[in-house]
Each structure stands twice: as structure tokens, then as C-alpha cells.
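# Summary of structural features
What follows is the residue order along each chain.
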Amino acid sequence: MRSIFTFVLLVCSLSALAQSIRYVSTTGTNTNPASATSWATSTTNLQGAINALTATGGQVWIAQGTYKPSGPANTDRTISFSMKNGVAVYGGFSGTETNLNQRPAITLSNPSATTLSGDLGVPGNTADNAYHVIANVESLSGTALLDGFVITGGNANGSNDFGRGGGILAVVPDASTQPYGPQFRNCLLVNNRANTGGALYHRCTPNIVNRLVLEYCVFQQNTATTGGGVFVSATGNPAFTNCAFLNNSATTGGAMSTTATAVGGTFINLINCSLRGNVATGSGGAFHNSGGNESILCFVFLINTVVWGNGPAATSFYNESAASTIRASYSLTESGTTQYIADPFSLTTTVSPFASPNTIYLNSCSRAINAGDPNSTTAAVGATDLTGNARIGDGRLDIGAVEFSGVTGRLYVREAALGNNTGQNWTDAYTDLQTALTFPCGQFPQNEIWVAGGTYRPTTTSSRAVSFTLRDGLSLYGGFIGNETMLIQRPVLNPVAGQPSSSTLTGEIGNPGSTTDNSYHVVVCPESLASSYTALIDGFVISGGYAQGLSANDNWGGGLLNLLTTGTQTIANCTFQNNYSYYSGGGLYSGSLGSMVLTNSVFRNNTSTLLGGAVSLVRQGTGNPHVLTNCLFEANSAGQTGGALFVTGVNGIFRPTLTNCQFQNNRSTDGGALHISGNPATTSLTAINSTFQSNSAVNGGAVYAATSGMFLNCSFQSNVASAGGVLNHTGTSPVFVNCVLWNNGGPNTFFPLATSSPVQLRYSLVDKAVTGYIDLVGNQIPQSSPFLSTTGTLLRSMAAAIDAGITSDYLAANGPATDLAGNPRIDNGRIDMGAYEVQGFGEVVTTKNGAWSDPSVWSLERLPLFTDRIVMRHRVNLPTDSIGNAARIRYETNGKLIYNPGSKLRLGF
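Residues numbered from 1 in each chain as written. Predicted model: local features only at pLDDT ≥ 70, side-chain atom pairs only at ≥ 80, totals over all residues. Heavy atoms only, no water.

In terms of regular secondary structure, the protein chain is built from 5 helices and 80 strands. At 37 Å, the protein chain has a C-alpha radius of gyration far larger than the 29 Å of a compact globule built from 909 residues. Sorting the 909 residues of the protein chain into buried and exposed places 58% on the buried side. Each charge class in the protein chain was averaged separately, 41 positive and 45 negative side chains, and the resulting centres sit 6 Å apart. (Helix = DSSP H or I, 4+ residues; strand = E, 2+ residues; numbered from the N terminus. Rg over C-alpha atoms; globule rule 2.2 N^0.38 Å. Buried < 20%, exposed > 50% of the residue type's maximum accessible area, 1.4 Å probe, protein only. Lys, Arg positive; Asp, Glu negative; His and termini not counted. Charge placed at Lys NZ, Arg CZ, Asp CG, Glu CD.)

Take a look at the structure:
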């Protein structure tokens, strides 16, 4: 839409060099407007200057001052200013400019110094004022422009059209063929009056569609019986962009009233507008919307628009009939507003989004900040806002006419800060995180808190019930030095690789030598948050929580307690260590329907007396999935189940996913690393590219499964249990695909051995002593360990697991592009078994003299592929009429390849 108007203006501006300019000032002496071609020869006759320009176009420049229709002596109320096709009328000049760009800026706080006034006759007496300051009753196109004026003093209190549009009367005649009407920019329409449409009345004749364009305009303190600011009738389709409606009043439709009286209807767009303080004593403080029937519709579209404080919220919008509709997209309205349709991206608020009672500037905690349509561009909504500042100032559009230009909801915390303790920058940062979390905003949408290195406690008292309580839409970032201006300047954080954050949140609030007086939870995500809750914790060490108290909640989640009913809590680059819970989730507990997304985080030395030494994920119904990616669980313990991770689905569908995760040296009674339980029909766990090393339990050294699970490209080594070194399972058939299982108790690797749902292995490698599983297809049973060492699960270069997995299953499961080490997952055309992909070509060494077709001749215990590098140390026969494959062959002493009739060797590289 705007691109068409922009094109029209561009054509006009490019042709301006060839156009005539007429100059108008209050001190002009030229009585012939046609010859007013400079400031020195200016005229006082504004309308004459407009009329003097031909239809080919031109511009009128008007200096500061007040201008009245037909001059200061006129008392004829029926006379108004009028616009003309092809003529751009500009106001606000000081009277010396030679270029349009030299004109003083016109903004919300600095309106034009050029006033078009209808205050005729006795000054201040509205009864003798002009019916309309501007009256356009001809067929005008988008080439007619009025830019940079204060329009005031119109009083349309007469009959018929003399009762409509005190500021501007825009009536499109029957014969009009113009789809786009005149344009108004940088105008303030203030203190105009009318029976209908205090500031603006726009009407099209039936079957004529005409769109006015109004940009950067303010409608303020206008009054009418109907439509205090604007009234739109018939098929008028105005578009308001970056406009404000402030303190307008009427009986119906304080800011705007609409009616559709013709087939085709009325369609009004408000784009990046703000409506505040408009009042209707009858109905529709903001909008009174009146339609006819199914073919006569009246639509108001609010796009990136704020509507707040326009009388009682419930009466702010009023639709007179079913044919009247108000729709909001990416807009913000007052909670309790009714009679409109909002898309899922629109917001409501119970507190003012504005900085003060009499402004439309956003406050630093406004829900409107960074909440506009993310696809908006300056080409569509303008390069600047109503104040003249950049329209998209922080990467995403704000809702409303004014882009927030201060600290965009970001607060700073630095333990060593010595400034004014305002939280607005690093110098004046808060020294306490709790102060930032309780900043008096009422809401924290799309806001950030940046925390520099240091140690932060939830309270300076001994109250164990106090925690760092999260808020909706909050992004909490730690690990800063304390001088950064962009997030990318923060030091690299990768706790999994040994680069933890320097920002610590601790529950150590009491005696440093005791843990029993620590906070129940270091961090809490309460269940009272919004249903669309989203928040981020990125870059912290969370330690010292001690969840043991009188209430049930006090016994869950020592490090973090997540009680979300819906919504998602995201955690990244964090370390949870030395936290405790009596019942469940030493490091972290997530219950109910809320979901967790854990990324690049470490859980170390957390404990629980009963369930989930590090993490407990409990789902009480169907909700968003839990996703754990690139996480390390090390040396965690639980007294009962799930030394590192406890997962259970109470009811509903629950299918968490672990990707690129490591479980090392965790212990419990059931499930040294992992415990899965729940209804097998609705609860299951998938682990991809994950490794289980040296975990221990009584039952299930690595995993205890009371429901189904799938392990894809996972590695298991040296896990220990009395019953099931890798797995103790009941009732279901766990599936292992592309997995490597070595030295996990031999025949005690899986338990029980006799079950109606035995373990299934596909394209996996197991040591030869393992029993109790169904050998489906593609499995390997080598003579020696495939791992480089007994303390890790990296594959050695000649392991039989290399290029031996089934790639299609991995792709079907949407496995990640990288392995556990971050290297390309499918390096050589076929996936390796296990959590790590060996990079480069495999190397195959002969182990004895024999036939090429004998797998036992080769170190990988399979026939060479065309991607393998072969080291020939023995005499190998290539059988008659057979083909051997290799990337290349290197011969060592005694190495020889013997060809037979019809045999061939095909080298890949």
C-alpha cells in the first residue's frame, strides 16, 4: 500500500526541479500570487498561490505565522482553504530556505510554526469561526499534498456538509475516478469542532472508493457529537500511519466514528498509531464502528497500534452491528477491552505503556517495545516515528506512533558498580540482581537484564523462601565483564567445554559452613505467569540451593524450580552445581505443563534424596516438549531413581529429547544416569548422539526404563549395575540404533534377559559377551574395544563402528548435523556408530593372510569400502570374478594383493 504512495511522492519530488514554487508569508507585499516566486516576492494570499499553479504541478512554501481563509479580515464562515491536484503545499518555513530539507523539523513535540486557522471574526469566539479550515470537494488524487501545518479553529456546527469536518472536509464527488485521495503529512489538527468529524470528515459517494493518506499527523482535543477526531462515511478508506489521537471527545466515537452506507463498505487502516485519552459520553471512547449488512461492511484495522486509556476499557470499542468489525494485529490494548478481534501476536496490558500521564512516549517497561510486526520495514512504515527518531531503533518495530529511544527495557547489574544505582547503564548499574528483577514496571515483556561477573544472593536476610523469581518475557544474561554494549561482546561461554560464566547466583544466604539454612530455591519460575510465557536464562552458575522444607514445593528444585502451567523456560550456557533437594530435582525441577529447553549447560555434583539428582522433568498432561541439547551431567546422585535425570509422564503425551548430551559418573539405586517412567503409550524418551560413561546403580547402571525409549547413535561404556549395566527395563522394547555398547557387564548389560519385550539392536556394536537382545540387522561384534580409552567414548581410527551405521534412520529422526564433539555428523558418506564421528577416511589394516572376501582378514571386521585407506601387511587373494573397493592401498613388508581371473580392484580416490 505505502509503496504506491511513496512512488507518487517520489515522482513528485523528482519532477520538482522542473516545477514552479510559490512563496507565502505574513509579511508578503505581492498582490499577484502568480509572481510570488521567491521569499522576497512572497504573497499573503495562500489560496491564490495554490490556484496560480497549473495542473502540471508545483509547490507552495508557506512561512511561519497564522493564515485564515480569504485573509485576516474575512468573516464569511463558508470560505475555506482547498487543495489542488499536482500541488504540494508545505508549511513550517522560517522564510529564508532555498531547499525543502532546510525546513525546521516538524515532530510530535515541535509542531509546525505555520497555522491554518478558522478563528474568524471575534478572536476566541468559536460561534463565528469558519465551518471548515480546509474543504476539498473536488476529485483530488494522491498528487495533492498538505505537509507541515497546525489546523485549528474550524467549527462545523451548521447543517448538511456545514456540520461536518471542522478541520478538514474531504468529500469525493460522484464522478471521481481517483483511487487515492489527497495526502496529509506532519499536521496537527487541534481544537476543531463539528457535529460530525471534529477534525476530519471523509465521505465517498456510493460505488466510489477513495483512500486518503495521513502520515505523521496528530488529532488532539477535537470535539464532535459523532467522531470527535475523525468521521469516515460510505466507501471512504483512509490510512493513518505514525499518527496519534489524543484527548478527542464526542458523544459516540471519541477518536473516530465510522459508518458504511454503500455496497463495498468502509475500510480504515491505522498503522503504528497511538490512541490515548479519547472520550465518548455515549459509546466507543476510541472507536464507534457502524456497518449495515453483509454487503455493507465497516472494518477498522489496527496494525502495530496502541489503544489505551480511552475511557472505561470495556466501552473503548463499540461495534453497532455484526457487519462492523475492529481487528487488531500486533497491537496493544488495555486489558478488559471488548468488541474486537485480536490476532495471536497482539497484547493487552493492565498498566500504562506510556512514560507519563499526558504523553504517548513509551516507558522503559512498556509491553509495546519490540512487539510490533517483526516483518515490518522502514519502507512500509516510514524511516522515522512521530518524534523524528528512527522508526525501527532496536532491531524490531515498537507498537505505537513513537519508537522507544531510551534503554529498551534493559537493566544492568554489576556487583562492584559505584554509580547512581539506577540500573540504566554499567556505571550506574544495580549492585543487586533482586533489585533489577523487582524493578517497578508491573510487567517485563521483551526485556533484558545484563549481569556482570560476581556473586548474587536472592536476599540479605535469613528468609529461605526468597528466590530470584522470573518474569514473563524476561531475558536474563550473565557473564559480562561490565563494559559491553552488544551481547556478542560478552566473553565466550561454554561450560561444557570448561568455560563457565563469571556470574554466580547462590542460595548461600546463611552460615557459610552450613547448607541447611540456604535458600529453598535459587531461582523460581512461578505458575502464575502468562500462558504464553517465554523467558531465557543465559550464562550463570547456579549453586547452593537446598530444597528441604515444610511445604511440598520447598522440597523440589534446589537450583531452579519451574512450576509453569504452560509456556517455555529456556536455559543456556549455565552451570548447576552443588544444589540439593529432598524430594525431586536437586539441580532443577520442572513440573506441570510448562516445558524446559536446556542448551549447552552443565549439571555437576547435585543431589536428591529421592528422585532426579540433577534434573527432574515431570509432565502432568500434554504440553510443549522438553528439549535438552549439548548438556553435561557429571557426578550427580539420587537416593532412589535417576542419578542425573528423572523423567516421568503422569498423564498426557510426554516425549522429551536428549541430543548431544553426556552422562558421566552419576549414581542412583534405579537408573544411575537416567530413569524413564510413565504410560508406555504416551511417554517415551529419545536420546541422540549422547554418551553414558561410568554411571552406576543397583538397577540399570546407565538407564532404568519403565516405558519406551529410543537410543540413536549413543555410546555406552563401563556403566555398572547389579542388574543391567546399560539398561534395566520393564514392559516395553527399548530400541538401540547406531549405538556402541562396550564393557557394561557382558551378559549383565541388559536386564531382565527373559522378557516379553526384549531390547532391540539395529546397526549397533556390542561386545561379544552381551546377550538378551534381538539382533535385527547390521550389528557388529568385534574382538576388541572400539574406543580410544576406557574413560571416554571417542572411536579409535580402525574401529569397526566407523562407517557402519544406518544413515537413513538418523536422517529420518532429524538428527543434528554435528556429533557430540561438534564435528560433521556424516563425514564419509555413511554415519559412524556411537556419539562421535571419526573425521577423515577410515584406515583398514590386514590382520592375516586370506581372501579379500573374508571379513576376518580386515581390522574393521568388514570388507573395505571405496572410501577406506588400506594398509596391506599380508598376502590377500582377490577371488575370481570379484571386485575389491578401496580409496587407496599402501603396501608394507610382506603385503601383497594377488589377482585371480576376472578380479578387479576399484579405487575410489
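Going through the model one piece at a time under the given rule, you end up with 12 salt bridges. Between Asp161 and Arg164 there is a salt bridge; the shortest N-O distance is 2.7 Å. Residue class for Asp161 comes out partly exposed when judged on its relative accessible area of 21%. For the salt bridge of Glu403 with Arg391, the shortest nitrogen-to-oxygen distance reads 3.0 Å. On the criterion of sequence distance, the pair formed by Glu403 in the loop between helix H3 (378-381) and strand E32 (410-413) and Arg391 in the loop between H3 and E32 is long-range, its members being 12 residues apart. In this structure, Glu403 and Arg391 share a single accessibility class: buried. Among the ionic contacts, a cluster of salt bridges with common partners joins Asp161, Arg164 and Arg203. (Salt bridge = Lys/Arg side-chain N within 4 Å of Asp/Glu carboxyl O.)

Another aspect to go through is the sheet that holds strand E8 (residues 155-156). One open sheet holds the 5 strands; their spatial order is E8-E11-E15-E19-E23, and the pairing between them is parallel. Each edge of the open sheet carries a strand with a single partner, namely E8 and strand E23 (279-283). In terms of strand pairing, strand E15 (residues 223-226) meets strand E19 (residues 249-252) through 3 bridges, oriented parallel. Its bridge partner being in E19, Thr226 is matched across the sheet by Thr252. (Pairing = 2+ DSSP bridges.)

Our next topic: the sheet that holds strand E60 (residues 691-693). Taken together, the 11 strands give an open sheet; going across it, the order is E34-E37-E40-E44-E48-E52-E56-E60-E64-E68-E71, and neighbouring strands pair in parallel fashion. Of all the strands in the sheet, just strand E34 (454-456) and strand E71 (765-766) have a single pairing partner and so form its edges. In the sheet, strand E44 (residues 575-577) pairs with strand E48 (residues 602-604) via 3 bridges, with the strands oriented parallel. Directly across from Gln577, in E48, lies its bridge partner Arg604.

A few words now on the side chain of Ser25. Looking at where Ser25 falls in the secondary structure, it is placed in the loop between strand E1 (20-24) and helix H2 (46-52). For Ser25, a relative accessible area of 7% gives the class buried. A polar side-chain atom of Ser25 sits 2.8 Å from a polar atom in the side chain of Ser42. If sequence neighbours within four positions are ignored, Ser25 has contacts with Ser42, Thr43, Thr44, Ala63 and Tyr67. (Polar contact = N/O pair within 3.5 Å; in protein donor to acceptor, adjacent residues only side chain to side chain. Contact = heavy atoms within 4.5 Å.)

Turning our attention to a nonpolar patch on the surface. Judged by side-chain polarity, Ile774, Leu776 and Val777 come together as a nonpolar surface patch covering roughly 210 Å² of accessible area. Mapped onto the secondary structure, Val777 falls in strand E72 (residues 773-777). (Patch = residues over 30% accessible without salt bridge, like charges linked within 9 Å, V, L, I, M, F, W, Y side chains within 5 Å. Areas by Shrake-Rupley, 256 points an atom, 1.4 Å probe, with all protein chains shown as cover.)

Let us now look at the pairing of strand E36 (residues 474-480). Burial within E36 is extensive, with 7 of its 7 residues counted as buried. Examined bridge by bridge, strand E33 (residues 447-452) and E36 share 5 bridges and lie parallel to one another. Pairing of Ile449 across the sheet is with Leu476, part of E36.

Turning next to the packing of aromatic side chains. Considering all chains together, one arrives at 34 aromatic pairs under this definition. What links up through ring pairs into an aromatic cluster is the set Phe576, Phe603, Phe633, Phe663, Phe692, Phe711, Phe716, Phe736, Phe750 and Tyr773. A cation over an aromatic ring shows up here: Arg490 above the ring of Phe480, its NZ or CZ 5.7 Å from the ring centre. Over the aromatic face of Tyr810 sits the side chain of Arg825, whose NZ or CZ is 5.8 Å from the ring centroid. (Phe/Tyr/Trp six-rings, centres within 6.5 Å; stacked < 30°, edge-to-face > 60°. Lys NZ or Arg CZ within 6 Å of the ring centre and 35° of its normal.)

The residue Val647 is located in strand E54 (residues 645-649) in this model. For Val647, a relative accessible area of 1% gives the class buried.

Moving on: unusual backbone geometry. Along the chain, Phe751 connects to Pro752 via a cis peptide bond; the corresponding omega equals 0°. Tracing the backbone through its elements, the reader meets Pro752 in the loop between strand E69 (750-751) and strand E70 (759-762). With phi around 55°, Asn600 is a residue other than glycine that occupies positive phi space. For Asn600, the location among the structural elements is in the loop between strand E47 (595-599) and E48. A positive phi angle, close to 60°, is found at Asn814, a residue other than glycine. With respect to the secondary-structure elements, Asn814 resides in the loop between helix H5 (807-812) and strand E73 (843-845).

Counting 67 residues, the largest nonpolar core has Leu433, Ile449, Leu674, Phe711, Phe736 and Phe750 as the members making the most contacts within it. Among the elements that take part in this core, helix H4 (residues 433-437) stands out by supplying 3 residues, more than any other. Leu433 has contacts with Val413, Ile449, Val451, Tyr456, Phe468, Leu476 and Leu505, leaving out every residue within four places of it along the chain. (Core = buried A, V, L, I, M, F, W, Y, C linked by side-chain atoms within 4.5 Å.)

The next thing to look at is the state of the cysteines. Evaluated as defined, the whole model comprises 0 disulfides. No disulfide involves Cys217; its nearest neighbouring cysteine sulfur is the one of Cys187, lying 4.7 Å away. No disulfide involves Cys661; its nearest neighbouring cysteine sulfur is the one of Cys631, lying 4.7 Å away. By relative accessible area, Cys661 is classed as buried at 0%. (Disulfide = S-S within 2.5 Å.)

Following the sequence through the fold, Gly745 ends up in the loop between strand E68 (740-742) and E69. Sequence separation of Gly745 and His132 is 613 residues, and the distance between their C-alpha atoms is 94 Å.

Moving on, we come to the confidence of the model for the protein chain. Residues with a pLDDT of 70 or more make up 92% of the protein chain, whose mean pLDDT is 89. With pLDDT under 50 throughout, residues 1-18 is counted as low confidence; its partners more than four residues away or in other chains account for 22 contacts. In the predicted structure, residues 442-446 sits below a pLDDT of 50 and forms 23 contacts with residues beyond four places in sequence or in another chain. (pLDDT = per-residue confidence, 0-100.)

A word on the environment of Pro734. Secondary-structure assignment places Pro734 in the loop between strand E66 (727-729) and strand E67 (735-737). Sequence spacing of Pro734 and Met710 is 24 residues, and the spatial spacing of their C-alpha atoms is 5.9 Å. If we skip the residues at most four places from it in the chain, Pro734 touches Gly709, Leu727, His729, Ser757, Pro758, Val759 and Gln760.

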